[in-house]
Amino acid sequence: VVQIPQGVAVLAEGYWTALKGRDALNVKWDDGPLGALSSESISKLLTDATTRPGAVARNEGDVSVAVTKTIEAVYEAPYLAHACMEPMNCTAWVRAGEAEVWAPTQGPGPHQGIVAQLTGLPPEKVQVHTTYLGGGFGRRFAPDFIIAATLLAKAAGVPVKLVYTREDDMRAWFYRPASVTRFTAGLDAAGNPVSLTARVASPALSIAAGFATELPKGIDEAAVEGIADMLYGFPNLRVEYARTEPGVPPWYWRSVGHSQNVYFIEAFIDEIAAAAGKDSVEFRRSLLAKQPRLRGVLDLAAQRAGWGSPLPQGVHRGVAITNCFGSFVAQVAEVSMDASGKPRVHRIVAAVDCGRTVNPDVIHRQVEGAVVYGLSAALHGKITFRNGRVEQSNFNDYPMLRMEDMPRVEVHIVPSTEAPGGIGEPGLPPATPAVVNAMFAATGKRVRTLPI
(Lines give C-alpha, C1' and ligand atoms only; values in the text may rest on other atoms or scores of the structure.)
Protein backbone atom coordinates (compact mmCIF):
# COMPACT_ATOMS: atom_id res chain seq x y z
CA VAL A 1 0.00 0.00 0.00
CA VAL A 2 1.54 3.29 -1.13
CA GLN A 3 0.37 6.82 -0.38
CA ILE A 4 0.72 9.17 -3.36
CA PRO A 5 -0.39 12.80 -3.88
CA GLN A 6 -3.74 11.69 -5.33
CA GLY A 7 -4.52 9.37 -2.42
CA VAL A 8 -3.71 5.70 -1.80
CA ALA A 9 -2.63 2.98 -4.26
CA VAL A 10 -2.44 -0.78 -3.88
CA LEU A 11 0.32 -2.67 -5.69
CA ALA A 12 -0.22 -6.32 -6.62
CA GLU A 13 0.64 -8.80 -9.37
CA GLY A 14 -2.70 -8.34 -11.14
CA TYR A 15 -5.60 -5.96 -11.44
CA TRP A 16 -8.19 -8.08 -9.62
CA THR A 17 -5.86 -8.74 -6.70
CA ALA A 18 -5.05 -5.04 -6.41
CA LEU A 19 -8.75 -4.15 -6.56
CA LYS A 20 -9.65 -6.61 -3.79
CA GLY A 21 -6.81 -5.22 -1.72
CA ARG A 22 -8.03 -1.68 -2.26
CA ASP A 23 -11.58 -2.68 -1.30
CA ALA A 24 -10.18 -3.99 2.00
CA LEU A 25 -8.56 -0.68 2.90
CA ASN A 26 -9.94 1.43 5.72
CA VAL A 27 -8.77 4.92 4.80
CA LYS A 28 -9.37 7.85 7.14
CA TRP A 29 -9.77 10.91 4.92
CA ASP A 30 -9.36 14.54 5.92
CA ASP A 31 -12.37 16.23 4.31
CA GLY A 32 -10.55 19.56 4.20
CA PRO A 33 -12.08 23.02 3.74
CA LEU A 34 -14.54 21.83 1.06
CA GLY A 35 -16.10 19.13 3.22
CA ALA A 36 -19.49 20.87 3.13
CA LEU A 37 -19.44 21.69 -0.60
CA SER A 38 -22.73 21.07 -2.43
CA SER A 39 -24.10 21.61 -5.92
CA GLU A 40 -26.64 24.01 -4.45
CA SER A 41 -23.93 26.19 -2.90
CA ILE A 42 -21.94 26.16 -6.17
CA SER A 43 -25.00 27.24 -8.17
CA LYS A 44 -25.75 30.07 -5.74
CA LEU A 45 -22.13 31.26 -5.76
CA LEU A 46 -22.00 31.42 -9.56
CA THR A 47 -25.44 32.98 -9.94
CA ASP A 48 -24.73 35.64 -7.31
CA ALA A 49 -21.49 36.53 -9.12
CA THR A 50 -23.44 37.46 -12.25
CA THR A 51 -25.32 40.16 -10.33
CA ARG A 52 -22.12 42.17 -9.89
CA PRO A 53 -19.97 43.91 -12.55
CA GLY A 54 -17.07 41.84 -13.89
CA ALA A 55 -13.90 42.40 -15.88
CA VAL A 56 -14.67 43.65 -19.39
CA ALA A 57 -13.87 41.06 -22.09
CA ARG A 58 -15.48 43.00 -24.97
CA ASN A 59 -17.11 46.40 -25.18
CA GLU A 60 -18.52 47.96 -28.36
CA GLY A 61 -20.86 50.92 -28.54
CA ASP A 62 -22.99 51.78 -25.50
CA VAL A 63 -25.25 49.10 -24.01
CA SER A 64 -27.01 51.74 -21.88
CA VAL A 65 -28.66 53.10 -25.03
CA ALA A 66 -32.45 53.49 -24.82
CA VAL A 67 -34.49 50.50 -26.00
CA THR A 68 -38.18 49.78 -26.49
CA LYS A 69 -38.17 46.20 -25.21
CA THR A 70 -35.81 44.38 -22.81
CA ILE A 71 -35.21 40.61 -22.70
CA GLU A 72 -33.41 39.03 -19.73
CA ALA A 73 -32.39 35.46 -18.91
CA VAL A 74 -29.95 33.50 -16.76
CA TYR A 75 -28.42 30.29 -18.14
CA GLU A 76 -26.56 27.61 -16.18
CA ALA A 77 -24.45 24.58 -17.07
CA PRO A 78 -23.10 22.01 -14.57
CA TYR A 79 -19.74 20.38 -14.02
CA LEU A 80 -19.22 17.50 -16.46
CA ALA A 81 -17.00 14.42 -16.45
CA HIS A 82 -15.17 13.37 -19.59
CA ALA A 83 -16.42 9.78 -19.20
CA CYS A 84 -13.84 8.32 -21.59
CA MET A 85 -14.69 4.76 -22.59
CA GLU A 86 -11.21 3.59 -21.54
CA PRO A 87 -10.42 4.66 -17.95
CA MET A 88 -7.13 6.45 -17.25
CA ASN A 89 -4.11 4.13 -17.24
CA CYS A 90 -0.36 4.30 -17.55
CA THR A 91 2.55 1.86 -17.44
CA ALA A 92 5.80 3.29 -16.09
CA TRP A 93 9.29 1.80 -15.69
CA VAL A 94 11.91 3.80 -13.81
CA ARG A 95 15.41 2.39 -13.76
CA ALA A 96 18.96 3.64 -13.37
CA GLY A 97 19.54 6.52 -15.76
CA GLU A 98 16.32 6.23 -17.77
CA ALA A 99 12.55 5.96 -17.64
CA GLU A 100 9.84 4.75 -20.00
CA VAL A 101 6.13 5.43 -20.00
CA TRP A 102 3.37 3.77 -22.05
CA ALA A 103 0.17 5.79 -21.90
CA PRO A 104 -2.90 6.97 -23.84
CA THR A 105 -1.81 10.60 -23.46
CA GLN A 106 -2.88 13.77 -25.24
CA GLY A 107 0.25 15.55 -24.01
CA PRO A 108 3.31 13.37 -24.67
CA GLY A 109 5.63 16.39 -24.73
CA PRO A 110 4.53 17.97 -21.43
CA HIS A 111 4.23 14.55 -19.82
CA GLN A 112 7.79 13.71 -20.80
CA GLY A 113 8.89 16.83 -18.91
CA ILE A 114 6.80 15.89 -15.86
CA VAL A 115 8.31 12.39 -15.70
CA ALA A 116 11.77 13.96 -15.99
CA GLN A 117 11.03 16.21 -13.01
CA LEU A 118 9.68 13.34 -10.92
CA THR A 119 12.68 11.10 -11.61
CA GLY A 120 15.42 13.75 -11.72
CA LEU A 121 16.37 12.57 -15.20
CA PRO A 122 17.07 14.81 -18.23
CA PRO A 123 14.09 14.80 -20.65
CA GLU A 124 16.10 13.00 -23.33
CA LYS A 125 16.36 10.01 -20.97
CA VAL A 126 12.57 9.72 -20.73
CA GLN A 127 10.69 7.86 -23.45
CA VAL A 128 6.93 8.33 -23.79
CA HIS A 129 5.16 5.72 -25.91
CA THR A 130 1.76 7.11 -26.94
CA THR A 131 -0.93 4.43 -27.23
CA TYR A 132 -4.41 4.81 -28.70
CA LEU A 133 -6.56 7.03 -26.52
CA GLY A 134 -9.80 5.12 -25.96
CA GLY A 135 -11.45 8.54 -25.75
CA GLY A 136 -9.57 11.74 -24.91
CA PHE A 137 -11.83 14.83 -24.92
CA GLY A 138 -9.17 16.82 -23.04
CA ARG A 139 -9.05 14.48 -20.04
CA ARG A 140 -5.88 12.70 -21.16
CA PHE A 141 -3.98 15.97 -21.28
CA ALA A 142 -4.16 16.03 -17.46
CA PRO A 143 -1.02 14.52 -15.86
CA ASP A 144 -2.47 12.81 -12.77
CA PHE A 145 -2.30 9.23 -14.05
CA ILE A 146 1.20 9.80 -15.47
CA ILE A 147 2.40 11.20 -12.15
CA ALA A 148 0.88 8.38 -10.10
CA ALA A 149 2.29 5.59 -12.29
CA THR A 150 5.76 7.15 -12.28
CA LEU A 151 5.81 7.56 -8.49
CA LEU A 152 4.58 3.99 -7.99
CA ALA A 153 7.17 2.56 -10.37
CA LYS A 154 9.86 4.58 -8.61
CA ALA A 155 8.73 3.27 -5.23
CA ALA A 156 8.37 -0.34 -6.37
CA GLY A 157 11.58 -0.56 -8.38
CA VAL A 158 9.77 -2.56 -11.08
CA PRO A 159 7.47 -1.66 -13.99
CA VAL A 160 4.01 -0.69 -12.75
CA LYS A 161 0.78 -0.60 -14.74
CA LEU A 162 -1.67 1.79 -13.09
CA VAL A 163 -5.36 1.37 -13.96
CA TYR A 164 -8.16 3.59 -12.67
CA THR A 165 -11.51 1.97 -11.96
CA ARG A 166 -14.48 3.68 -13.57
CA GLU A 167 -15.32 5.08 -10.14
CA ASP A 168 -11.79 6.49 -9.77
CA ASP A 169 -12.16 8.09 -13.17
CA MET A 170 -15.58 9.63 -12.51
CA ARG A 171 -14.48 11.11 -9.18
CA ALA A 172 -10.93 12.11 -10.06
CA TRP A 173 -11.36 15.89 -9.83
CA PHE A 174 -10.99 16.91 -13.48
CA TYR A 175 -14.27 18.36 -14.80
CA ARG A 176 -15.69 20.74 -17.40
CA PRO A 177 -16.31 23.85 -15.30
CA ALA A 178 -19.76 24.82 -14.11
CA SER A 179 -20.83 28.19 -15.44
CA VAL A 180 -23.63 30.75 -15.22
CA THR A 181 -24.29 33.60 -17.68
CA ARG A 182 -26.73 36.47 -17.22
CA PHE A 183 -28.00 38.11 -20.43
CA THR A 184 -29.80 41.36 -21.15
CA ALA A 185 -30.84 42.38 -24.67
CA GLY A 186 -32.70 45.36 -26.05
CA LEU A 187 -34.91 45.81 -29.13
CA ASP A 188 -36.12 48.98 -30.83
CA ALA A 189 -39.74 49.65 -31.79
CA ALA A 190 -39.33 47.73 -35.05
CA GLY A 191 -37.99 44.64 -33.27
CA ASN A 192 -34.41 45.22 -34.37
CA PRO A 193 -31.66 44.19 -31.93
CA VAL A 194 -30.04 47.25 -30.34
CA SER A 195 -27.91 45.94 -27.47
CA LEU A 196 -26.65 42.80 -25.77
CA THR A 197 -24.95 42.39 -22.40
CA ALA A 198 -23.54 39.07 -21.13
CA ARG A 199 -21.97 38.50 -17.73
CA VAL A 200 -20.18 35.16 -17.33
CA ALA A 201 -19.32 33.58 -13.96
CA SER A 202 -16.99 30.58 -14.12
CA PRO A 203 -13.64 29.30 -12.76
CA ALA A 204 -10.40 30.33 -14.48
CA LEU A 205 -9.45 27.30 -16.55
CA SER A 206 -6.06 28.61 -17.68
CA ILE A 207 -4.91 28.98 -14.07
CA ALA A 208 -6.27 25.58 -13.00
CA ALA A 209 -4.44 23.92 -15.91
CA GLY A 210 -1.18 25.65 -15.02
CA PHE A 211 -0.91 27.76 -18.18
CA ALA A 212 -1.12 31.05 -16.30
CA THR A 213 -0.53 32.38 -12.81
CA GLU A 214 -2.67 35.47 -13.32
CA LEU A 215 -5.33 36.69 -15.73
CA PRO A 216 -4.46 39.56 -18.11
CA LYS A 217 -7.08 42.26 -17.48
CA GLY A 218 -8.94 39.75 -15.29
CA ILE A 219 -10.15 37.70 -18.27
CA ASP A 220 -9.90 33.93 -18.67
CA GLU A 221 -10.25 33.42 -22.42
CA ALA A 222 -11.60 29.89 -22.10
CA ALA A 223 -14.36 31.06 -19.77
CA VAL A 224 -15.77 33.62 -22.22
CA GLU A 225 -14.98 32.07 -25.62
CA GLY A 226 -18.09 31.45 -27.68
CA ILE A 227 -19.65 34.64 -26.32
CA ALA A 228 -16.89 37.27 -26.30
CA ASP A 229 -15.76 36.25 -29.79
CA MET A 230 -19.20 35.69 -31.34
CA LEU A 231 -19.69 37.16 -34.81
CA TYR A 232 -23.23 38.55 -34.49
CA GLY A 233 -23.36 42.22 -35.44
CA PHE A 234 -24.97 43.84 -32.40
CA PRO A 235 -24.42 47.62 -32.58
CA ASN A 236 -23.95 47.77 -28.81
CA LEU A 237 -22.31 44.82 -27.09
CA ARG A 238 -20.68 44.22 -23.72
CA VAL A 239 -19.29 40.94 -22.32
CA GLU A 240 -18.00 40.71 -18.75
CA TYR A 241 -16.26 37.96 -16.80
CA ALA A 242 -16.69 37.41 -13.06
CA ARG A 243 -14.09 34.89 -12.01
CA THR A 244 -15.66 32.56 -9.46
CA GLU A 245 -13.86 29.63 -7.84
CA PRO A 246 -16.13 27.12 -6.07
CA GLY A 247 -13.06 24.98 -5.29
CA VAL A 248 -13.53 22.12 -7.77
CA PRO A 249 -10.53 22.10 -10.15
CA PRO A 250 -11.78 22.50 -13.73
CA TRP A 251 -10.17 21.02 -16.83
CA TYR A 252 -10.39 21.11 -20.63
CA TRP A 253 -13.43 19.31 -22.04
CA ARG A 254 -14.29 18.78 -25.69
CA SER A 255 -14.69 22.26 -27.31
CA VAL A 256 -13.68 23.92 -23.98
CA GLY A 257 -15.64 27.14 -23.24
CA HIS A 258 -17.71 26.83 -26.39
CA SER A 259 -19.32 23.69 -24.96
CA GLN A 260 -21.43 25.71 -22.51
CA ASN A 261 -21.22 29.23 -23.93
CA VAL A 262 -22.58 28.41 -27.39
CA TYR A 263 -25.56 26.79 -25.67
CA PHE A 264 -26.02 29.97 -23.62
CA ILE A 265 -25.76 32.47 -26.46
CA GLU A 266 -27.58 30.46 -29.14
CA ALA A 267 -30.52 29.69 -26.86
CA PHE A 268 -30.69 33.36 -25.85
CA ILE A 269 -30.48 34.52 -29.48
CA ASP A 270 -33.60 32.41 -30.02
CA GLU A 271 -35.24 34.19 -27.11
CA ILE A 272 -34.46 37.57 -28.68
CA ALA A 273 -35.80 36.40 -32.05
CA ALA A 274 -39.04 35.24 -30.44
CA ALA A 275 -39.40 38.54 -28.56
CA ALA A 276 -38.89 40.37 -31.86
CA GLY A 277 -41.49 38.16 -33.56
CA LYS A 278 -38.98 36.96 -36.15
CA ASP A 279 -38.01 33.60 -37.60
CA SER A 280 -34.96 32.05 -35.91
CA VAL A 281 -32.98 31.60 -39.13
CA GLU A 282 -33.87 34.98 -40.63
CA PHE A 283 -33.08 36.77 -37.37
CA ARG A 284 -29.61 35.22 -37.32
CA ARG A 285 -29.07 36.04 -41.00
CA SER A 286 -29.83 39.70 -40.28
CA LEU A 287 -27.04 39.76 -37.67
CA LEU A 288 -24.51 38.06 -39.96
CA ALA A 289 -24.40 40.49 -42.90
CA LYS A 290 -20.61 40.81 -42.59
CA GLN A 291 -19.95 37.11 -41.86
CA PRO A 292 -20.31 35.22 -45.15
CA ARG A 293 -18.83 31.90 -43.92
CA LEU A 294 -21.06 31.67 -40.85
CA ARG A 295 -24.07 32.82 -42.84
CA GLY A 296 -23.13 30.27 -45.49
CA VAL A 297 -23.32 27.28 -43.14
CA LEU A 298 -26.55 28.64 -41.65
CA ASP A 299 -28.12 28.85 -45.11
CA LEU A 300 -26.87 25.40 -46.12
CA ALA A 301 -28.12 23.69 -42.94
CA ALA A 302 -31.49 25.40 -43.17
CA GLN A 303 -31.85 24.49 -46.85
CA ARG A 304 -30.84 20.82 -46.38
CA ALA A 305 -33.11 20.50 -43.33
CA GLY A 306 -36.05 21.99 -45.20
CA TRP A 307 -36.42 24.89 -42.78
CA GLY A 308 -39.96 26.26 -43.02
CA SER A 309 -41.37 23.17 -44.76
CA PRO A 310 -44.04 21.00 -43.07
CA LEU A 311 -42.95 18.36 -40.55
CA PRO A 312 -44.70 15.26 -39.21
CA GLN A 313 -47.25 15.94 -36.48
CA GLY A 314 -45.53 16.81 -33.18
CA VAL A 315 -42.05 17.30 -34.67
CA HIS A 316 -40.40 20.72 -34.42
CA ARG A 317 -37.14 22.31 -35.57
CA GLY A 318 -34.47 24.34 -33.82
CA VAL A 319 -31.27 25.90 -35.12
CA ALA A 320 -27.87 26.93 -33.72
CA ILE A 321 -24.53 28.05 -35.14
CA THR A 322 -20.95 28.49 -33.98
CA ASN A 323 -17.51 29.63 -35.05
CA CYS A 324 -14.65 27.98 -33.19
CA PHE A 325 -11.25 26.38 -33.79
CA GLY A 326 -11.06 28.06 -37.19
CA SER A 327 -14.25 26.41 -38.46
CA PHE A 328 -17.93 27.29 -38.88
CA VAL A 329 -20.83 24.96 -38.11
CA ALA A 330 -24.62 25.23 -38.21
CA GLN A 331 -27.04 22.55 -37.03
CA VAL A 332 -30.77 22.08 -37.31
CA ALA A 333 -32.41 19.62 -34.89
CA GLU A 334 -35.78 17.92 -35.35
CA VAL A 335 -37.35 17.06 -32.00
CA SER A 336 -40.62 15.73 -30.62
CA MET A 337 -41.83 15.45 -27.02
CA ASP A 338 -43.34 12.34 -25.47
CA ALA A 339 -46.24 12.34 -22.99
CA SER A 340 -43.87 12.66 -20.01
CA GLY A 341 -42.15 15.73 -21.46
CA LYS A 342 -39.02 13.91 -22.55
CA PRO A 343 -37.51 15.05 -25.87
CA ARG A 344 -36.81 12.69 -28.73
CA VAL A 345 -34.18 13.93 -31.19
CA HIS A 346 -35.00 12.45 -34.60
CA ARG A 347 -32.52 14.19 -36.89
CA ILE A 348 -29.57 16.58 -36.83
CA VAL A 349 -28.60 18.32 -40.08
CA ALA A 350 -25.13 19.86 -39.89
CA ALA A 351 -23.37 22.17 -42.32
CA VAL A 352 -19.59 22.53 -41.91
CA ASP A 353 -17.09 25.01 -43.32
CA CYS A 354 -13.68 23.90 -42.05
CA GLY A 355 -11.71 25.37 -44.93
CA ARG A 356 -9.79 23.16 -47.32
CA THR A 357 -10.70 19.50 -46.75
CA VAL A 358 -8.57 16.40 -47.16
CA ASN A 359 -10.67 13.47 -46.00
CA PRO A 360 -14.45 14.07 -45.97
CA ASP A 361 -15.07 10.78 -44.12
CA VAL A 362 -13.09 12.07 -41.14
CA ILE A 363 -15.19 15.24 -41.09
CA HIS A 364 -18.43 13.24 -41.15
CA ARG A 365 -17.26 10.94 -38.35
CA GLN A 366 -15.99 13.75 -36.13
CA VAL A 367 -19.24 15.68 -36.42
CA GLU A 368 -21.31 12.54 -35.79
CA GLY A 369 -19.21 11.72 -32.73
CA ALA A 370 -19.43 15.30 -31.47
CA VAL A 371 -23.22 15.13 -31.73
CA VAL A 372 -23.25 11.95 -29.63
CA TYR A 373 -21.01 13.57 -27.02
CA GLY A 374 -22.98 16.84 -27.04
CA LEU A 375 -26.38 15.18 -26.76
CA SER A 376 -25.16 12.90 -23.95
CA ALA A 377 -24.21 16.01 -21.99
CA ALA A 378 -27.35 17.94 -22.94
CA LEU A 379 -29.78 15.17 -22.02
CA HIS A 380 -28.02 13.53 -19.08
CA GLY A 381 -24.65 15.00 -18.10
CA LYS A 382 -24.22 16.39 -14.59
CA ILE A 383 -21.59 15.98 -11.89
CA THR A 384 -23.12 16.87 -8.53
CA PHE A 385 -21.59 17.32 -5.09
CA ARG A 386 -22.82 16.60 -1.59
CA ASN A 387 -20.72 16.97 1.56
CA GLY A 388 -17.68 17.67 -0.60
CA ARG A 389 -17.98 14.44 -2.55
CA VAL A 390 -18.92 13.62 -6.14
CA GLU A 391 -22.22 11.74 -6.20
CA GLN A 392 -21.80 10.02 -9.58
CA SER A 393 -19.65 6.93 -9.96
CA ASN A 394 -20.35 5.04 -13.19
CA PHE A 395 -22.54 4.92 -16.28
CA ASN A 396 -25.55 3.90 -14.17
CA ASP A 397 -25.75 7.42 -12.68
CA TYR A 398 -23.81 9.29 -15.39
CA PRO A 399 -25.53 7.89 -18.51
CA MET A 400 -24.44 8.18 -22.12
CA LEU A 401 -26.66 8.48 -25.19
CA ARG A 402 -28.04 5.02 -25.97
CA MET A 403 -28.28 3.55 -29.47
CA GLU A 404 -32.08 3.73 -29.34
CA ASP A 405 -31.88 7.51 -28.73
CA MET A 406 -29.35 8.26 -31.46
CA PRO A 407 -30.71 10.64 -34.11
CA ARG A 408 -29.95 10.44 -37.81
CA VAL A 409 -27.05 12.82 -38.48
CA GLU A 410 -26.48 14.40 -41.88
CA VAL A 411 -23.24 16.29 -42.51
CA HIS A 412 -22.88 18.68 -45.43
CA ILE A 413 -19.46 20.15 -46.19
CA VAL A 414 -19.03 23.60 -47.73
CA PRO A 415 -16.39 23.48 -50.53
CA SER A 416 -13.65 25.93 -49.60
CA THR A 417 -10.11 26.99 -50.43
CA GLU A 418 -9.65 28.74 -47.06
CA ALA A 419 -7.01 27.56 -44.59
CA PRO A 420 -8.02 24.33 -42.81
CA GLY A 421 -9.75 24.67 -39.46
CA GLY A 422 -10.31 22.15 -36.68
CA ILE A 423 -13.01 19.49 -36.87
CA GLY A 424 -12.66 17.41 -33.67
CA GLU A 425 -14.50 19.98 -31.56
CA PRO A 426 -16.68 22.42 -33.60
CA GLY A 427 -19.45 19.85 -34.16
CA LEU A 428 -20.30 19.69 -30.46
CA PRO A 429 -21.38 23.20 -29.33
CA PRO A 430 -24.43 23.70 -31.63
CA ALA A 431 -26.07 20.36 -30.78
CA THR A 432 -27.46 21.39 -27.39
CA PRO A 433 -28.93 24.78 -28.37
CA ALA A 434 -30.41 23.37 -31.58
CA VAL A 435 -32.28 20.79 -29.48
CA VAL A 436 -33.47 23.18 -26.75
CA ASN A 437 -34.58 25.68 -29.39
CA ALA A 438 -36.62 22.92 -31.05
CA MET A 439 -38.06 22.07 -27.63
CA PHE A 440 -39.21 25.68 -27.27
CA ALA A 441 -40.92 25.43 -30.65
CA ALA A 442 -42.66 22.30 -29.37
CA THR A 443 -43.60 23.44 -25.86
CA GLY A 444 -43.25 27.22 -25.58
CA LYS A 445 -40.92 26.65 -22.61
CA ARG A 446 -37.24 27.59 -22.40
CA VAL A 447 -34.54 25.23 -21.12
CA ARG A 448 -32.09 27.49 -19.29
CA THR A 449 -30.43 24.90 -17.06
CA LEU A 450 -28.75 21.66 -18.11
CA PRO A 451 -29.14 18.74 -18.27
CA ILE A 452 -32.51 18.73 -20.03
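About the criteria used
- Residues numbered from 1 in each chain as written.
- Predicted model: local features only at pLDDT ≥ 70, side-chain atom pairs only at ≥ 80, totals over all residues.
- Heavy atoms only, no water.
- Helix = DSSP H or I, 4+ residues; strand = E, 2+ residues; numbered from the N terminus.
- Buried < 20%, exposed > 50% of the residue type's maximum accessible area, 1.4 Å probe, protein only.
- Lys, Arg positive; Asp, Glu negative; His and termini not counted.
- Salt bridge = Lys/Arg side-chain N within 4 Å of Asp/Glu carboxyl O.
- Contact = heavy atoms within 4.5 Å.
- Pairing = 2+ DSSP bridges.
- Axes fitted to C-alpha atoms, helices over the stretch in contact; angles between N-to-C directions.

A. Just unusual backbone geometry, in detail. For the bond running from Leu450 to Pro451, omega is 0°, close enough to zero to count as cis. The backbone phi angle of Lys217 is positive, close to 60°, even though this residue is not glycine. Topologically, Lys217 is positioned in the loop between α6 (205–208) and α7 (221–224). A positive phi angle, close to 55°, is found at Val256, a residue other than glycine. Inspection of the secondary structure assignment puts Val256 in the loop between β11 (236–243) and α8 (258–276).

B. Structural view of the side chain of Arg166. Along the chain, Arg166 turns up in helix α5 (residues 166–170). Asp169 provides the closest opposite charge to the buried, salt-bridge-free Arg166, at an N-O distance of 4.1 Å. Leaving out residues up to four positions away in the same chain, Arg166 has contacts with Ala83, Cys84, Met85, Pro87, Ser393, Asn394 and Phe395.

C. Structural view of the sheet that holds strand β9 (residues 179–187). Sheet architecture is open: 5 strands sit in the order β3-β11-β10-β9-β4, paired in mixed fashion. Whereas interior strands pair on both sides, the edge strands pair on one side only; in this sheet they are β3 (55–60) and β4 (69–77). On average, adjacent strands in this sheet sit at an angle of 10° to one another, irrespective of strand direction. Sheet analysis places strand β10 (residues 193–202) next to β11, joined by 8 bridges and oriented parallel. Bridged to Thr197 within β11 is Arg238. In the packing of α8 onto the sheet, the strands contacted are β4, β9 and β10, and the crossing angle to β4 comes to about 155°.

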